[in-house]
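Tertiary structure, described
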Amino acid sequence: MFDKGNLKYFLIWSISLLLSGLFKLIGYLHSNVLLINNLHLLLLVFGPALLVTIILVSNKFSNS
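Broken down by element type, the protein chain carries two helices and zero strands. When burial is assessed residue by residue, the protein chain has 3% of its 64 residues classed as buried.

Attention now goes to the environment of isoleucine 55. One can find isoleucine 55 in helix 2 (residues 38–63). Sequence separation of isoleucine 55 and lysine 8 is 47 residues, and the distance between their C-alpha atoms is 8.6 Å.

It is worth spelling out a nonpolar patch on the surface at this point. On the surface, a nonpolar cluster with roughly 560 Å² of combined accessible area is contributed by Leu11, Ile15, Leu19, Leu22, Phe23 and Ile26. Looking at the secondary structure, you find isoleucine 15 in helix 1 (residues 7–29).

About the thresholds
- Residues take numbers from 1 onward in each chain, read along the sequence in its written order.
- Thresholds applied to this predicted model are a pLDDT of at least 70 for local features of residues and 80 or more for the giving and counting of side-chain atom pairs; totals over whole chains, interfaces and linings are not thresholded and use all residues.
- As a convention, hydrogens and water are excluded, and side-chain values are obtained from all of the structure's heavy atoms.
- Comment: elements are numbered from the N terminus, with helices defined as DSSP H or I runs of at least four residues and strands as E runs of at least two.
- The classification of residues rests on relative accessible area computed with a 1.4 Å probe and restricted to protein chains. Under 20% of the type maximum is buried, over 50% is exposed, and intermediate values are partly exposed.
- Like-charged residues within 9 Å of one another, or nonpolar side chains (Val, Leu, Ile, Met, Phe, Trp, Tyr) within 5 Å, are grouped into patches, provided each residue has over 30% relative accessible area and no salt bridge.
- What sets the accessible areas is the Shrake-Rupley method with a 1.4 Å probe; for residues, cover comes only from the shown protein chains.
- Counted as salt bridges are all cases of a side-chain nitrogen of Lys or Arg within 4 Å of a carboxyl oxygen of Asp or Glu.

In structure tokens:
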């Protein structure tokens, strides 16, 4: 049904939707406790770059 090469993009898309929905639910339930500390800031800044790096490295090893 799906092309094998595009499954990783559907996986990333579904994980990002799940995480954004989870954060929205947590923010709705605990609206007065939304604090961003240094760890959250580091995850927000370097998380997407780390994900892209993992994908590129896995592509490099799977193609060789």
